[in-house]
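# Summary of structural features
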Amino acid sequence: MKSTVFAGILLMSSIAAAAPPKTALVIHGGAGVITRAQLSAEDQAGYEKALNAALDAGNAVLQRGGSAREAVIASVTVLEDSPLFNAGKGAVYNAEGGHELDASLMEGHTGKAGAVAGVRTIKNPILLAEAVMQHSPHVLLAGEGAEHFADTRKEIERVPPEYFDTEHRYKQLLKAQAEEKQTASNDLKGKYFGTVGAVALDRNGHIAAATSTGGMTNKRWSRIGDSPIIGAGTYANDQCGVSGTGWGEFFIRAAVAHDICARMKYRGDSLTQAAEEVLLKVVPEMGGDGGAIALDRDGNIALPFNTEGMYRGWIKPDGSRGVAIFKD
Ligand code: ASP
């Protein structure tokens, strides 16, 4: 009898040891005024295909035992290379008719972070953010200095600034400039067009978060939003990771990504409670809007947004996956 119980315990512990550790991945392609009426079935299918490709890229890294950092980079580069999203190839125009791109990356278990702001010739800004984290003593490099740093990194692909030109973004610029002439309002609600991001949990229980954007259409004076600001648009620690999208000025002022993780760490909030309170209460009460993707070390995910839609996708620890665009 004793030996049967012992054998049973042995069998159970070997099953537990053989069970693959949990991985999870969440991505976003921006929040904003995204309604069914605006998107044709064909456009919707195009967005879903791109979101699924980004999930596949990040998940392939996690399933072969790669790190959360490598996984978020893999997902975000796919989204940057798509003209559909406001990051990399699909970046919006600034007021001068150019493009200035921002990106950031943070690794939870090491607390290391890297970011770039206002770069103009970097094909994948998230890769330069990673280089800042891995190969410089700094966290955030901006403008010309960031481009000079890129000169020292052979692996960073450069493109002429025109690479980022797309017709649909140019039309958005002309529309924004026409509207600006008619109203002197400072209300930027709905005037932004996305941002991309990813958060991953790897087999070692490590979390990383990454965000990349072209910022706000018609931006001027080297405006920088929340996306390259660690703690605002991106944050990760040993329990939680977050990437945000929305009206960046409010995300900076509310330290959105850090606040979500801090509520978990210091107050013991659940991930959902923390993420929903910040996105559905704190940010709108201040007058801002947007969304975020978040996950914790148990593989729980939260995708709250207070806009009409948010391009998003997820793969849970049990392998179930999905992509969605609208609220319902
Ligand atoms: N948060 C970005 C910014 O303010 C824009 C966005 O997410 O749509 O630059």
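The preceding data block contains the structure.
Let me begin by describing the structure that accompanies this report. (Residues numbered from 1 in each chain as written. Predicted model: local features only at pLDDT ≥ 70, side-chain atom pairs only at ≥ 80, totals over all residues. Heavy atoms only, no water.)

This next bit is on the sheet that holds strand S12 (residues 321-326). Read from one edge of the open sheet, 8 strands run S4-S3-S2-S6-S5-S1-S11-S12, paired in mixed fashion. Both outer strands of the open sheet, strand S4 (140-142) and S12, are each paired with one neighbouring strand and no more. Neighbour-to-neighbour, the strand axes of this sheet turn through a mean angle of 5 degrees, independent of strand direction. Pairing of strand S11 (residues 309-315) with S12, which is carried by 5 bridges, proceeds in the antiparallel orientation. Paired with tryptophan 314 across the two strands is glycine 322, which belongs to S12. Each of strand S1 (24-32), strand S2 (101-107), strand S5 (196-201) and strand S6 (207-213) is contacted by helix H3 (residues 68-81), which is oriented at about 155 degrees to S5, the strand it contacts most. Along the sheet, helix H4 (residues 125-135) makes contact with S2, strand S3 (113-119), S4 and S6, crossing S3 at roughly 135 degrees. (Pairing = 2+ DSSP bridges. Helix = DSSP H or I, 4+ residues; strand = E, 2+ residues; numbered from the N terminus. Axes fitted to C-alpha atoms, helices over the stretch in contact; angles between N-to-C directions. Contact = heavy atoms within 4.5 Å.)

Right, let's talk about the state of the cysteines for a bit. By the definition in use, this model includes 1 disulfide. Note that cysteine 240 is cross-linked by a disulfide to cysteine 261, the S-S spacing being 2.3 Å. For the disulfide bridge between cysteine 240 and cysteine 261, the dihedral angle about the S-S bond is near -75 degrees, and by the sign convention the bridge is left-handed. Of this pair, cysteine 240 sits in strand S8 (residues 240-246) while cysteine 261 sits in helix H8 (residues 256-267); the two residues are 21 residues apart in sequence, bridging distant segments of the chain. Taken individually, cysteine 240 and cysteine 261 each receive the classification buried, so the pair is uniform in this respect. (Disulfide = S-S within 2.5 Å. Buried < 20%, exposed > 50% of the residue type's maximum accessible area, 1.4 Å probe, protein only.)

Time to look at the nonpolar core. Counting 50 residues, the largest nonpolar core has Phe85, Ile126, Leu128 and Tyr311 as its most contacted members. Filtering out sequence-adjacent residues up to four positions away, tyrosine 311 remains in contact with Ile27, His28, Gly29, Gly30, Ile34, Leu39, Tyr47, Leu51, Phe85, Ala324 and Ile325. Core analysis: the second largest hydrophobic core is formed by 39 residues, Ala236, Leu271, Ala274 and Trp314 among them. (Core = buried A, V, L, I, M, F, W, Y, C linked by side-chain atoms within 4.5 Å.)

Here we come to the pairing of S6. Counting buried positions over the 7 residues of S6 gives 7, a clear majority of the element. Burial along S6 is two-sided: Ile207, Ala209, Thr211 and Thr213 and Ala208, Ala210 and Ser212, pointing in opposite directions, are all buried. In terms of strand pairing, S2 meets S6 through 6 bridges, oriented antiparallel. Bridging across to S6, glutamate 107 finds its partner in alanine 208. Across 6 bridges, the pairing between S5 and S6 is antiparallel. Of the residues in S6, the one forming a bridge with valine 199 is alanine 209. What sits between the antiparallel neighbours S5 and S6 is a turn of 5 residues, in which glycine 205 has the positive phi angle 80 degrees.

Before going further, it helps to examine the pattern of salt bridges. Scanning the model with the defined rule gives 17 salt bridges in all. For arginine 267, the salt bridge is made with glutamate 277, and the minimal N-O distance between the two is 3.5 Å. Taken together, the positions of arginine 267 in helix H8 and glutamate 277 in helix H9 (residues 271-286) put the pair 10 residues apart, joining distant regions of the chain. Among the charged side chains, a network of salt bridges with common partners joins Asp259, Arg263, Arg267, Asp269 and Glu277. (Salt bridge = Lys/Arg side-chain N within 4 Å of Asp/Glu carboxyl O.)

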